[in-house]
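Analysis of the macromolecular model
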Amino acid sequence: MSEPAPTRRLYIKTHGCQMNVYDSERMADVLRPLGYAMTERPEDADLVVLNTCHIREKATEKVYSELGYIKQMKLARQAAGQSMTIAVAGCVAQAEGKEIMHRQPAVDLVIGPQAYHQLPELIARTHRAKGERLSADFAPQAKFDRLGSDRNPSGVTAFLTIQEGCDKFCTFCVVPYTRGAEFSRPMDAVLAEARSLAGQGVREVTLLGQNVNAYGGEGGLAGLVRKLAQIEGLDRIRYTTSHPADMDEALIEAHGEVEALMPYLHLPVQAGSDKVLRAMNRAHTAESYLRLVEKIRAARPDMAMAGDFIVGFPGEREQDFEATLQLVAEVGYAGAFSFKYSRRPGTPAANLPDQVAEEVKEERLARLNALLDEQQSAFNASQAGRTLPVLFERAGRHPGQLSGRSPYLQAVHVSAPDHLIGQIVPVRIESAAKMSLAGALALEVA
Ligand code: 5AD
Ligand code: SF4
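Values in this document were obtained by computation on a predicted structure and should not be read as measured data. (Residues numbered from 1 in each chain as written. Chains lettered and ligands numbered in written order. Predicted model: local features only at pLDDT ≥ 70, side-chain atom pairs only at ≥ 80, totals over all residues. Heavy atoms only, no water.)

A word on the site of ligand 1
Taken together, the neighbourhood of ligand 1 is formed by I55, R56, F172, Q270, D308, I310, F339, K340, Y341, S342 and R344. In the model, an oxygen atom of ligand 1 is placed 2.6 Å from a nitrogen or oxygen of the D308 side chain. Here a nitrogen atom of ligand 1 sits 2.8 Å away from a polar atom, N or O, in the main chain of S342. In the complex, 87% of the free accessible area of ligand 1, which totals 400 Å², lies under the protein chains. (Near = heavy atom within 4 Å. Polar contact = N/O pair within 3.5 Å; in protein donor to acceptor, adjacent residues only side chain to side chain. Areas by Shrake-Rupley, 256 points an atom, 1.4 Å probe, with all protein chains shown as cover.)

Encoded structure:
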């Protein structure tokens, strides 16, 4: 496909999860044929897109304060006889579209996550008549059909969204409201996109979905993984984020059998107290989660586990929190994301009595993080002396150094020549820090 030479500049600021990172890439993809090329400098941009996240408190206020800055840049450009179109995308756009247009008149366009394929058309319309607003209630099917399978990956790893939305309704979470019902992309479309990526040198894909293991295409996520593993050049497959309730036998089996499926699993548990888990509507207990982890490790003994945790959910007592610490101690996590509970208006938990005081949340978060940090450091340290296959992704921070990933998603820094970018190479791990490993090429590579 021939594309026009870039004539306009696009700046995208991405907040939140990897699904937003993927969406931002796809927005850049659909805008490229219109002559938009990325810039790192918003003040130079003809089009600024804020891709927003709504998952925790103050997200909305942050958007308004960012819009305040961008408005100043727009005014400066207008004073210089240039223009700037401002678009707000993502979950805040979905949740607060009208309000944003009302509160910040400098915004030209508000666009929800299901409507990104319409960006080119909408931008053309805003150029003609200012103030066009998009309703965000498109079917996800249309989004994916219209985005197509052509990608323009920027490296040897790529995200690939296969599922959106969530039907789980955890009582703390806005996602079922902002991203809507679970929707899975047809397998053929996913495979076509993966082939396009592999054809452009991508060696590793991370399949994305709010509930990625609820993937509803034929054969479920396990079936998809097995098909992806057959694509020439695609040597590593990861997926995120999973719900314990959707971790079925077929998927666990695939972890034991499919070499390309990497031994790192992000499987949020949120809490270790059954009382809290029930109030969260998590559909699992601490015990059933632990049994599940056991099963997964029986299939794949070196599986590195990662999780999400919330401390200070309404009604959480000291002994409930200690049950979370106990569960963490039993699982042994290689990585984790932990959060203080934050009230999200419109979710059931926001109205629960017995909200936990901020200082208590702070204190619990610090204790949880101390344990998780210790586990992560211990996991990294346990790799010292091993030889691991590392996929080199990019130049490292120091000259002559490359940076890559181990199968367990650890960053690995190695002195190595540039031509090894995109290769999977054995590396002898020499030392470990909390966030990364350092090593040396295990073989002399010409
Ligand atoms: N408060 C705190 N953390 C939250 N998460 C989702 N909603 C909230 C909330 N209201 C966390 C969960 C989820 C992750 C993406 O964000 O741990 O797994
Ligand atoms: Fe939110 Fe729960 Fe759905 Fe995850 S599973 S997106 S935490 S409602």
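Next comes the rest of the account.
Details of the sheet that holds strand β18 (residues 436-441)
In spatial order, the strands read β14-β15-β16-β18-β17; together these five strands close into a barrel with mixed pairing. In this sheet, adjacent strand axes meet at a mean angle of 50° when their direction is disregarded. In the sheet, strand β16 (residues 411-415) pairs with β18 via four bridges, with the strands oriented parallel. Bridge pairing in β18 links V414 to G439. (Pairing = 2+ DSSP bridges. Helix = DSSP H or I, 4+ residues; strand = E, 2+ residues; numbered from the N terminus. Axes fitted to C-alpha atoms, helices over the stretch in contact; angles between N-to-C directions.)

Let's talk about the nonpolar core
L207, L224 and Y333 are the most contacted members of the largest nonpolar core, which totals 53 residues. Sequence-distant contacts of L207, defined by excluding residues within four places in its chain, comprise L160, I162, V212, L221, L224, V225, L228, I237, R238, Y239 and T240. (Core = buried A, V, L, I, M, F, W, Y, C linked by side-chain atoms within 4.5 Å. Buried < 20%, exposed > 50% of the residue type's maximum accessible area, 1.4 Å probe, protein only. Contact = heavy atoms within 4.5 Å.)

Focus on the site of ligand 2
Close to ligand 2 lie C166, K168, F169, C170, F172, C173, V175, P176, N211, H243 and R282. For the shell around ligand 2, the residue count by class is seven nonpolar, two polar and two charged. (Nonpolar A, V, L, I, M, F, W, Y, C, P; charged D, E, K, R; others polar.)

Side note on the sheet that holds strand β10 (residues 236-240)
On the basis of which strands lie adjacent, the open sheet formed by three strands has the order β6-β9-β10 and parallel pairing. Two strands in the sheet have a free side with no partner beyond their single neighbour: β6 (157-161) and β10. Averaged over all pairs of adjacent strands, the angle between strand axes in this sheet comes to 25°, irrespective of strand direction. In this sheet, strand β9 (residues 204-208) lies alongside β6 in parallel orientation, the contact comprising five bridges.

Quick look at the pattern of salt bridges
By the definition in use, this model includes 31 salt bridges. With a closest N to O distance of 3.5 Å, R41 and E43 form a salt bridge. The salt bridge partner of R185 is E193, with a shortest N-O separation of 2.9 Å. Here R185 falls in the buried class, since its relative accessible area comes to 2%. A relative accessible area of 0% means that E193 is categorised as buried. A network of salt bridges, in which partner residues are shared, links R26, D29, R32, R185 and E193. (Salt bridge = Lys/Arg side-chain N within 4 Å of Asp/Glu carboxyl O.)

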